[in-house]
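Tertiary structure, described
Chain by chain, the residues run as shown.
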Amino acid sequence: MVTSSTTILSDLGTQLIIPVCAIIGIIFSLVQWYLVSKVKLSLDSKSEGGENKNVFNESLIEEEEGVNDHNVVKKCADIQNAISEGATSFLFTEYQYVGVFMVAFAVLIFVFLGSVKGFSTSTQQCTYDTTKQCKPALFTAVFSTISFILGAITSVISGFLGMKIATYANARTTLEARKGVGKAFIVAFRSGAVMGFLLAANGLLVLYITINLFKIYYGDDWEGLFEAITGYGLGGSSMALFGRVGGGIYTKAADVGADLVGKVERNIPEDDPRNPAVIADNVGDNVGDIAGMGSDLFGSYAESSCAALVVASISSFGNTHDFTAMMYPLLISSVGILVCLLTTLFATDFFEVKTVKEIEPALKNQLIISTFLMTLGIALISWIALPYSFTIFNFGVQKEVKNWELFLCVSVGLWAGLIIGFITEYYTSNAYSPVRDVADSCRTGAATNVIFGLALGYKSVIIPIFAIAISIFVSFSFAAMYGVAVAALGMLSTIATGLAIDAYGPISDNAGGIAEMAGMSHRIRERTDALDAAGNTTAAIGKGFAIGSAALVSLALFGAFVSRAEITTVDVLTPKVFIGLLVGAMLPYWFSAMTMKSVGSAALKMVEEVRRQFNTIPGIMEGTAKPDYATCVKISTDASIKEMIPPGALVMLTPLIVGIFFGVETLSGVLAGSLVSGVQIAISASNTGGAWDNAKKYIEAGASEHARTLGPKGSDPHKAAVIGDTVGDPLKDTSGPSLNILIKLMAVESLVFAPFFATHGGLLFKIF
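The shown structure was predicted, so the numbers you read here are calculated from the model rather than taken from an experiment.

With that settled, the discussion passes to the overall build of the protein chain. Counting its secondary structure elements, the protein chain contains 23 helices and four strands. Relative to a compact globule of 768 residues, whose C-alpha radius of gyration would be 27 Å, the protein chain shows 26 Å and is just as compact. Considering only C-alpha atoms, the protein chain reaches an extent of 80 × 65 × 45 Å along its principal axes. Classification of the 768 residues of the protein chain by burial places 65% in the buried group. Partitioning the contacts of the protein chain with sequence separation of at least 6, the portion at a separation of at least 24 is 85%. A total of about 26,500 Å² of accessible surface is found on the protein chain, and carbon and sulfur atoms cover 66% of it. In the protein chain, 50 positive and 63 negative side-chain charges are present, and the distance between their average locations comes to 1 Å.

Dropping the structure here:
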């Protein structure tokens, strides 16, 4: 066995590096927030002299705008407050329901895991080293429950903070757009960075503190310690499921209602203040794309870390108690925070965005720069934190691995993420031919638009799947399931940058809506639309990352589950496994059907309400009467809370029902089936929806001769594009992004309950 003395980095160094990097990330996010807060949303006309006067003058609207500055700023502030209140109200309502679920599920974890050894408080023989005694199963149940609650709370806080930051920044982005597109870009991007760094740093810090606190009790029993830590990933992902599904239903119900009645029936522009659903639509951008995405990527990070730690704890790192090597996954995340910090400065300080054409390259460069720098960071950490040679647990045997092989595993995941990001961009950006072909198909109506869009989505799956397949093959060949887990971590190592460019999109979208509602000029709206178009593409890239990492995370969790459930082989030819495969492959379809129908039901209520207001409130269309925004916000909130429960129950109950009644072999088939079909559907749904959205924006912008032949707004091709976008909305913002949580959550839940399923599961097969 290799001893810990062979690592260059000492245990004390590791104990310092991880929390210091996390704290640096938090400080950096606070600095970015402070810089955003310098854009004032209230004008003090009494301010005299010096600095305040300069701030006042600098923020004055350009003369040719012809709008009173005080009125514009006040309108922007009022609209932002309405959006913020709507988003906060929804999240608090959602968290009340989710809180009840969290308590109930925590009790379930304790009861199920405690009953494995009959709630015994005596020590037990260790699973992988039978010469040693490990801590009682009852205490593993207690600590698993605690880590589940910690993961759930961290996930909820991540989503909530992200939403608060986004609603704080949207009107400020609108006001900065008066000075130029570059100033607005920096505010939107910095706000996204606040969310990205807070989430990455908080996730790392809470996990690190949890491990160290648990270590006080567990001592040398690292097998039990990291078994208990898996609850952290389960907590993170279970909250993300409800955040993603609930937020996705909310945002799309409002969006579809606003588009169908406003744009298609009444022929008024997007985000027009006369549309009763417009505030609900802007609220939806925050609760779905910000709070939901934040919780989702936090869940991926927590699960990939937990999967790597579980496998490492039963390898040479755990056997020799090599703390530095054991913390390798957390060290990768720590370096990732520093790399992303440096990368962010390229967008905000080193190079300035001055024109519309520079926006998308600036965002893409974030991905490229962070990937190159992170490769160097991984090489450094692999060199100083790992012994030259060590063993990794591989389905019952220990496989010898070199530190450079582990470096390749992490790197292949990192670069696969970049490839998935760029392929997603190619299929969803209107700068390339696939989306332009979809826009062109609108000439002959909505039907051909839908056909072309679906074909594009299916085709866009090919290269990402090859990228995921190659990264799985390479990482598994070098370091078995541990290699796959760290490959997933590699893909998520630049999570702070990924979230920054992802959160930038909804902030820019809201900024455009506020500009329209505040009555700002066409020129300001053009600038915010340019920011939003780039944000649409980056949102699709973020979803690509989330889905790709989910595939790797799920496989790593699947491997850990198979090891903990003590299954030697998963034989597809046995009926128990094959029926599981079939059912597992069906689940993403069932889940998608539920979420899409939920969007349809909620949107139907919204459409009826918007039509009612247009028909019964005199003066709305003339702009002399104010619509009842609050009723639309309430309809979206109530519908999404009610509709998120059945899809959530499907995901959470399936592993429990299959494990208890059919046993671990059938459950392993279900996990494999849901992983294989879920990834394909998720990628195609997200890209189809993204392509339809950008095809519509391509026609609306009319930036090229080709686009102008399809426009203007209100033309038949444009109406066909709006219908395509409306069909794509639930695909790209509800079903697609939620599917990656389905495949991760079922895998991590199975891993947490594996000892119970292995001991008491398969009741039906025992009876017959």
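Now that the structure is up, let's keep going.
Now for empty space enclosed by the protein. In the structure shown here, the tally under the stated rule is ten cavities of 30 Å³ or more. Looking at the largest cavity, its volume works out to about 310 Å³. Lining the largest cavity are 26 residues, and of these Asp509, Asn536, Asp693, Lys732 and Asp733 sit closest to its centre. When residues of the lining of the largest cavity are traced back to their parent elements, those giving at least two are helix H6 (222–265), helix H7 (278–313), helix H16 (495–517), helix H17 (522–564), helix H19 (629–701) and helix H21 (716–752). Sort the elements by how many residues they give to the lining of the largest cavity and H17 lands first, with six residues. When the residues that make up the lining of the largest cavity are grouped by side-chain class, the tally is three nonpolar, six polar and 17 charged.

This part takes up the packing of aromatic side chains. For the coordinates displayed, the defined rule picks out 30 aromatic pairs. Ring centres of Tyr217 and Tyr218 lie 5.1 Å apart, and the angle between their planes is 80°; on these two criteria the pair is classed as edge-to-face. Exposure remark for Tyr218: the relative accessible area of 1% places this residue in the buried category. Between Phe753 and Phe757 the ring centres are 6.1 Å apart and the planes differ by 40°, which places this aromatic pair in the tilted class. Taken as a pair, Phe753 and Phe757 share a single burial class, namely buried. Here the aromatic residues Phe101, Phe105, Phe112, Phe148, Phe242, Phe753, Phe756 and Phe757 are joined through ring pairs into a cluster of three or more.

What follows covers the layout of surface pockets. One number sums up the size of the largest pocket: a volume of about 1,200 Å³. Elements that contribute at least two residues to the lining of the largest pocket include exactly helix H11 (359–385), H16, H17 and H19. Its residues assigned to classes, the lining of the largest pocket shows 15 nonpolar, eight polar and 16 charged.

With that settled, the discussion passes to the side chain of Asn286. Relative to the helices and strands, Asn286 resides in helix H7. At 3.1 Å, the side chain of Asn286 forms a polar contact with the backbone oxygen of Asn282. Setting aside residues no more than four positions away along its own chain, Asn286 makes contact with Ile83, Met163, Ala166, Thr167, Asn170, Ala291 and Asn510.

Quick look at the packing of helix H10 (residues 328–350) against helix H15 (residues 462–492) now. Contact geometry for H10 and H15: axes closest at 10 Å, N-to-C directions at 15°. Viewed along their axes, H10 and H15 adopt a mutual orientation that is roughly parallel. Crossing hand, H10 versus H15: right-handed. The segment H10 lies against H15, with Tyr328, Pro329 and Ser333 engaging Tyr482, Val486 and Leu489.

On the surface, a cluster of nonpolar side chains totalling about 550 Å² of accessible area is made up of Val572, Phe578, Leu582, Val583, Met586 and Trp590. Assignment of secondary structure puts Trp590 in helix H18 (residues 575–616). Residue classification places Trp590 among the partly exposed residues on the basis of a relative accessible area of 44%.

Another point: unusual backbone geometry. In this structure, His321 is a non-glycine residue whose phi angle is positive, near 55°. With respect to the helices and strands, His321 occurs in the loop between helix H8 (316–319) and helix H9 (323–326). We classify His321 as partly exposed; its relative accessible area is 22%. In this model, Ala480 sits at a positive phi of 50°, which is unusual for a non-glycine residue. Inspection of the secondary structure assignment puts Ala480 in helix H15. For Ala480, a relative accessible area of 0% puts it in the buried group.

This brings us to H17. Helix length check: H17, at 43 residues, gives a terminal C-alpha distance of 61 Å against a target of 63 Å (1.5 Å per residue), a fit within 8%. With 38 of 43 residues buried, H17 is to be regarded as a mostly interior element. Positive backbone phi, at 60°, marks Glu566, one or two positions downstream of H17.

The topology assignment puts Tyr427 in helix H12 (residues 403–428). When the C-alpha atoms of Tyr427 and Lys459 are compared, they prove to be 9.0 Å apart, with 32 residues separating the residues in sequence. For Tyr427, the residues in contact, after removing those within four places along its chain, are Pro434, Val435, Leu456, Lys459, Ser460 and Ala691.

Right, let's talk about the nonpolar core for a bit. Considering soluble globular proteins, one finds that nonpolar side chains tend to be buried as a cluster. Counting 230 residues, the largest nonpolar core has Phe185, Tyr328, Ile359, Tyr482 and Phe561 as the members making the most contacts within it. With near-sequence residues (within four places) excluded, Phe185 lies in contact with Ala347, Val353, Ile359, Ala362, Leu363, Tyr504 and Leu531. Among the nonpolar cores identified, the runner-up in size contains 18 residues, and Ile423, Tyr698, Leu710 and Ala720 belong to it.

What counts and how
- Residues numbered from 1 in each chain as written.
- Predicted model: local features only at pLDDT ≥ 70, side-chain atom pairs only at ≥ 80, totals over all residues.
- Heavy atoms only, no water.
- Helix = DSSP H or I, 4+ residues; strand = E, 2+ residues; numbered from the N terminus.
- Rg over C-alpha atoms; globule rule 2.2 N^0.38 Å.
- Buried < 20%, exposed > 50% of the residue type's maximum accessible area, 1.4 Å probe, protein only.
- Contact = heavy atoms within 4.5 Å.
- Areas by Shrake-Rupley, 256 points an atom, 1.4 Å probe, with all protein chains shown as cover.
- Lys, Arg positive; Asp, Glu negative; His and termini not counted.
- Charge placed at Lys NZ, Arg CZ, Asp CG, Glu CD.
- 1 Å grid on protein atoms, 1.4 Å probe; cavity = no way out; pocket = protein on both sides within 12 Å on 5 of 7 lines; lining within 4 Å.
- Points joined across faces, edges and corners; volume = space filled by probe spheres on them.
- Nonpolar A, V, L, I, M, F, W, Y, C, P; charged D, E, K, R; others polar.
- Phe/Tyr/Trp six-rings, centres within 6.5 Å; stacked < 30°, edge-to-face > 60°.
- Polar contact = N/O pair within 3.5 Å; in protein donor to acceptor, adjacent residues only side chain to side chain.
- Axes fitted to C-alpha atoms, helices over the stretch in contact; angles between N-to-C directions.
- Parallel < 35°, antiparallel > 145°, perpendicular 65-115°, else oblique.
- Left-handed = near helix turned anticlockwise from the far one by under 90°.
- Patch = residues over 30% accessible without salt bridge, like charges linked within 9 Å, V, L, I, M, F, W, Y side chains within 5 Å.
- Salt bridge = Lys/Arg side-chain N within 4 Å of Asp/Glu carboxyl O.
- Expected span 1.5 Å × (residues − 1).
- Core = buried A, V, L, I, M, F, W, Y, C linked by side-chain atoms within 4.5 Å.

Limitation: the analysis is restricted to geometry and does not speak to function.
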